[in-house]
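If you want the building blocks of each chain, they are given just below.
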Number of protein chains: 2
Amino acid sequence: MEKRSLFFISDGTGITAETLGHSLLSQFENLQCDSTTLPYIDSLEKVQHAAHLITQAYEKDGQKPLVFATLVNKDIHARLLQAPCVLFDFFTPFIHRLEDELGMHSSPTAGRGHGVHNTHVYNARIAAINHTLSTDDGLNTTHYDHSDVILAGVSRCGKTPTCLYLAMQFGLRASNFPFTEEVLDSGKLPESLLRNINKVYGLTIQPEFLQRIRAERRGGRYATLAQCQHELDTVERIMRQNHIPLIDTTSRSIEEIATKVVADLGLKRQVV
Amino acid sequence: MEKRSLFFISDGTGITAETLGHSLLSQFENLQCDSTTLPYIDSLEKVQHAAHLITQAYEKDGQKPLVFATLVNKDIHARLLQAPCVLFDFFTPFIHRLEDELGMHSSPTAGRGHGVHNTHVYNARIAAINHTLSTDDGLNTTHYDHSDVILAGVSRCGKTPTCLYLAMQFGLRASNFPFTEEVLDSGKLPESLLRNINKVYGLTIQPEFLQRIRAERRGGRYATLAQCQHELDTVERIMRQNHIPLIDTTSRSIEEIATKVVADLGLKRQVV
């Protein structure tokens with residue numbers, strides 16, 4: 001199968017171009033792409049260089065590269081149109097419709113999509129990340145009173161990455177509570193968790209999958225299928241008894257788990 | 001100023017709809033929005049509920065809400081079109097052009113944009129997050145040999161959030177090295193850092209801004225302007241001596257810092 005050259009070009013970080021571009025391409029199976037992201041293309045000199053790279057890829061491939069672009073400046077955009085490429089412009093068509101609809105003119109400013117709009121929001125995000133790190137892996141459970149959400153589950157079921165994602169992308173103070181042997185044996189949740197039970201969301205995972213993840217990390221009883229099965233059964237029972245919602249993380253991405261938790265608990269995004 | 005109701009509707013996480021939607025809206029100054037994200041709208045029953053919420057907002061506001069949608073299923077999309085809204089469809093126009101251009105049919109599968117495509121990529125991402133956490137704040141500097149990038153700077157200049165973002169969104173093993181009093185006094189970088197000097201990127205920040213951040217955290221000499229200024233001067237001198245690139249984080253978002261570091265060091269994204 002041929003490989004198609006792909007460029008994400010933006011006057012800002014390129015995150016928006018990459019996000020929509022990858023979403024669209026994920027609808028095509030078995031498509032092989034060789035992708036290049038060119039952020040901060042905010043001058044004619046830089047777009048000239050981008051056009052040069054596109055031309056090189058065109059000459060090498062014998063077909064026009066696909067270019068996904070979010071460019072605010074009309075001159076830069078026009079220069080890109082001269083390059084031998086198939087250009088997908090993610091901004092212009094929507095901006096014009098939005099202007100009509102809102103009865104406002106847009107104020108074209110490059111790179112505003114992922115800039116710092118608001119110091120208050122920025123600080124909230126950093127505070128969420130700090131809170132999440134300080135309550136990772138069962139640390140400082142007394143801080144749960146200040147958490148927005150507490151993910152509970154056995155070791156290696158995806159709690160930490162999901163909490164970090166919630167803090168980073170949603171600005172939520174996400175804590176995580178691991179079911180240690182002690183908690184599993186007693187079958188009881190600590191007072192700090194019970195007091196905040198409406199913030200708790202359970203993560204579970206298929207035992208075979210958990211076993212594989214644990215075996216890559218370290219061996220021993222911890223990584224046996226029997227132990228994984230036992231821990232998961234116990235946790236799921238405790239969750240049911242406490243009416244804690246539960247999600248199976250086995251074939252879900254961090255984004256999917258986080259989005260589901262936010263939707264189910266009715267949490268409000270603190271950053272955009 | 002009136003508030004406009006806004007909906008992000010997706011059959012997946014809604015991340016793509018939110019990302020492009022917010023990018024577009026950031027081009028309009030002083031626009032007040034009341035936004036709702038409805039992820040996992042993947043059945044006629046669910047889109048019925050979404051249409052109901054849109055109708056409620058329409059009746060309350062007296063004007064049609066703006067809806068940003070990424071929906072793969074044609075029937076769900078058609079139902080949404082019947083609701084009293086201004087619909088921005090981020091998928092259909094581009095998918096058709098892509099089909100023509102690639103000479104392939106898309107295989108419409110809801111929610112594929114942010115799913116788990118590839119276990120190998122997923123594991124690389126988790127491994128990057130683990131590496132980043134294990135080398136946060138000067139821990140385990142011997143692991144720098146396995147890092148993709150090492151951010152160096154004074155305390156509270158943005159190293160940890162940027163490292164976590166690099167790990168989460170790029171799958172890069174990002175470590176961070178804080179300039180402790182000891183390092184500042186000696187003016188010398190540790191051997192583990194010198195050995196990996198081509199991976200090092202320096203963060204700096206305006207002293208007044210640093211002072212404000214530190215004062216919110218704890219007081220004492222640590223948070224005086226003189227101390228902040230002294231630390232920053234010393235660090236910038238050490239960076240120059242070692243030819244380490246430097247970025248001022250003062251008015252930059254985590255996304256902007258991360259993207260600049262990746263671009264300048266020519267790092268390759270490990271996850272999409």
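Further up the page is the structure itself.
Residues numbered from 1 in each chain as written. Chains lettered and ligands numbered in written order. Predicted model: local features only at pLDDT ≥ 70, side-chain atom pairs only at ≥ 80, totals over all residues. Heavy atoms only, no water.

## A word on the sheet that holds strand 5 (residues 149-153) of chain A
Residues and elements named next belong to chain A. Strand order in the open sheet formed by four strands is 6-5-7-8, with parallel pairing between adjacent strands. Only two strands of the sheet have a single partner each, and these edge strands are strand 6 (174-178) and strand 8 (246-248). For this sheet the average axis-to-axis angle between neighbouring strands, irrespective of direction, equals 25°. When strand 5 meets strand 6, the two strands line up parallel, connected through five bridges. What sits directly across from Val-149, in strand 6, is Ala-174. Along the sheet, helix 11 (residues 254-265) makes contact with strand 5, strand 7 (200-204) and strand 8, crossing strand 7 at roughly 145°. (Pairing = 2+ DSSP bridges. Helix = DSSP H or I, 4+ residues; strand = E, 2+ residues; numbered from the N terminus. Axes fitted to C-alpha atoms, helices over the stretch in contact; angles between N-to-C directions. Contact = heavy atoms within 4.5 Å.)

## Re the nonpolar core
In this structure, Leu166(A), Phe179(A), Leu166(B), Phe177(B) and Phe179(B) are the most contacted members of the largest nonpolar core, which totals 90 residues. Apart from the residues within four sequence positions on either side, Leu166(A) is in contact with Val149(A), Leu151(A), Gly171(A), Leu172(A), Ala174(A), Ala258(A) and Val262(A). The next biggest cluster of nonpolar side chains, apart from the first, holds 38 residues, and it includes Phe28(A), Phe88(A), Phe91(A) and Val86(B). (Core = buried A, V, L, I, M, F, W, Y, C linked by side-chain atoms within 4.5 Å. Buried < 20%, exposed > 50% of the residue type's maximum accessible area, 1.4 Å probe, protein only.)

## A look at the layout of surface pockets
Here the second largest pocket is characterised by a volume of approximately 1,300 Å³. Taken together, 44 residues form the lining of the second largest pocket, with Ser155(A), Arg156(A), Arg217(A), Tyr222(A) and Asn130(B) sitting closest to its centre. Mapped onto the lining of the second largest pocket, the elements with two or more residues apiece are helix 6 (159-170), strand 6, helix 7 (181-186), helix 9 (207-217) and helix 10 (225-241) of chain A together with helix 5 (119-134) of chain B. With nine residues, the single largest contributor to the lining of the second largest pocket is helix 5 of chain B. For the lining of the second largest pocket, a count of residues per class yields 16 nonpolar, 13 polar and 15 charged. (1 Å grid on protein atoms, 1.4 Å probe; cavity = no way out; pocket = protein on both sides within 12 Å on 5 of 7 lines; lining within 4 Å. Points joined across faces, edges and corners; volume = space filled by probe spheres on them. Nonpolar A, V, L, I, M, F, W, Y, C, P; charged D, E, K, R; others polar.)

## A short note on the side chain of Arg4(B)
Structurally, Arg4(B) is set in strand 1 (residues 3-10). On the basis of relative accessible area, Arg4(B) is assigned to the buried category, the value being 5%. Within the structure, the side chain of Arg4(B) is placed 3.1 Å from the side chain of Glu101(A), a separation counted as a polar contact. (Polar contact = N/O pair within 3.5 Å; in protein donor to acceptor, adjacent residues only side chain to side chain.)

## Here's the deal with the interface of chain B and chain A
At the junction of the two partners, chain B supplies 74 residues and chain A supplies 74 residues. Together, the buried faces of chain B and chain A total about 7,100 Å²; carbon and sulfur atoms form 66% of this surface. Of all residues in chain B, the largest losses of buried area upon contact with chain A belong to Gln27(B), Phe28(B) and Phe94(B), amounting jointly to 10% of the total for that side. Inspection of the chain B/chain A interface yields six salt bridges. One salt bridge in this structure joins Glu18(A) and Arg269(B), with 2.5 Å as the shortest N-O distance. (Buried area = accessible area lost by both parts, 1.4 Å probe. Salt bridge = Lys/Arg side-chain N within 4 Å of Asp/Glu carboxyl O.)

## Side note on the packing of aromatic side chains
Ring pairs (aromatic) are described by centroid distance and by the angle formed between their planes. Under the criterion given, the structure shown has 15 aromatic pairs over all chains. Taking the centre distance of 5.2 Å and the plane angle of 45° together, the rings of Phe68(A) and Phe88(A) count as tilted. Taken together, the residues span a long stretch of sequence, with Phe68(A) in strand 3 (residues 66-70) and Phe88(A) in strand 4 (residues 86-89) at a distance of 20 residues. Of the two residues, Phe68(A) and Phe88(A), both sit in the buried class. For the ring pair Phe90(A) and Phe94(B), a centre distance of 4.9 Å and an interplane angle of 75° mean the geometry is edge-to-face. Taken as a pair, Phe90(A) in the loop between strand 4 and helix 4 (92-102) and Phe94(B) in helix 4 (residues 92-102) lie in two separate chains rather than in one. (Phe/Tyr/Trp six-rings, centres within 6.5 Å; stacked < 30°, edge-to-face > 60°.)

Taken by themselves, the reported measurements are silent on function.
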